[in-house]
Structures are given as C-alpha cells and as structure tokens.
Amino acid sequence: MQPATRAFRLGPDKGRTLLAPFCEVKSDFLKPINRESWTRLKQYISNSTEETEQIAAQVAKSLHSGDVLAYRGGMGAGKTAFTRGLCQGLGLGDHVSSPTFALVHQYGNGPGALYHFDMYRVESFEDLYSTGFFDYLDYGGILAIEWSENIAAALPQGTITVTINHMENNPNRREIVIEGDERF
C-alpha cells in the first residue's frame, strides 16, 4: 500500500511541485524564509526514545555527504537519541554517546561518516576554530551539531535544522521539527 501524498508548490513562480508522503508526520508545510526562497518543515511527535530513533533513521535516508544538521533543544530533549537513530539509518553500528566533553565524536569513515558535535561550551570564534569544525566541513560526511545556536553565524547555507522540544504534561513526548530543503 502506497502512503498518501500531498502536492506543494515550491515558492513563487518556481513551477515545480513537491509530493510529500504521509507517515507518522503530524503536519507538513512550507514556510517562506524570504521573498526568494522557501524552506520545508516536517513535524513529528515522538512518544519514546525508540520512536525518536526511528524518526531519525527515516530522516537519515534523505541525507547526503556534506549535509549539516543543526540541533535545537534543551538539555535532555533527545538530541543524542536522534543522533543514535541517524547512525542506525546510515548503517553505522557505532556506539553513540553525547560528545559533551570530547566536543566531537566520529561514527564511520569517509563520505559516509557522521560527525557529532557538542557546541555547548563554544563562546567565541576562537573556541569554534579550536574544535576543527571548519575542517570537518571539508571532509565530506554528515555533521550533526548539538547546541548549534552557539555557532549560528558559522553554519553553512543549506543547513538542516532539527528542533526537539518536550511537550507539556508528558515528559516522554517530544515534538521534532525538521526544517530543510525539498527532501524534507
């Protein structure tokens, strides 16, 4: 059985149509960033760590070498669980843990690698530079960045934003919003 689809126009006078499959998505819509570009939003609801990992594994199937994911969300929101799901979806069998003290963990090698950053303690350009972040952008692979708000000005164009928030009245329930290009 094929999932149902909905068509969207990709911005003013673009003449292209995007077909979006429905699955565990709560909502699926386009949001204008400026007059020239549009970004795609997809909202998921997760009721457990396992569901967060499953959502991320599905997202991973749309990722390419060179993609940058900017995570947003408070402590304990599920950013590391999302990264664990990305590794599963990318076929990387590595053990995933928070890079809080290491600043970056690498899972896999070459263009299929996932580089998992924690920018919580980065407060200046010098701090960012010392992490090797700019070198990792050139390595290929996929970058997943916790506390990306701290380096927002240094994120490359086309960065995919993953916002994870706890939902009120249920500590296990989370809203996950993916903001990116036509793949999302």
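### Examining the packing of aromatic side chains
This structure, assessed with the given rule, holds eleven aromatic pairs. When the ring of Phe 117 is compared with that of Phe 133, the centres are 5.6 Å apart and the planes differ by 80°; the resulting orientation is edge-to-face. Of this pair, Phe 117 sits in strand S7 (residues 114-118) while Phe 133 is found in helix H4 (residues 133-139), placing the two residues 16 residues apart along the sequence. Pair check on accessibility: Phe 117 and Phe 133 agree, each one buried. Judged by centre distance (5.1 Å) and plane angle (65°), the ring pair of Tyr 136 and Tyr 139 falls under edge-to-face. Of this pair, Tyr 136 and Tyr 139 both sit in helix H4, three residues apart, which is roughly one turn of the helix. Of the residues examined, Tyr 139 reaches a relative accessible area of 48% and is grouped as partly exposed. Members of the aromatic cluster, each reached through a chain of ring pairs, are Tyr 115, Phe 117, Phe 125, Tyr 129, Phe 133, Phe 134, Tyr 136 and Tyr 139.

Thresholds applied
Residues numbered from 1 in each chain as written. Predicted model: local features only at pLDDT ≥ 70, side-chain atom pairs only at ≥ 80, totals over all residues. Heavy atoms only, no water. Phe/Tyr/Trp six-rings, centres within 6.5 Å; stacked < 30°, edge-to-face > 60°. Helix = DSSP H or I, 4+ residues; strand = E, 2+ residues; numbered from the N terminus. Buried < 20%, exposed > 50% of the residue type's maximum accessible area, 1.4 Å probe, protein only.

Interpretation note: all reported values are geometric properties and have no functional meaning in isolation.
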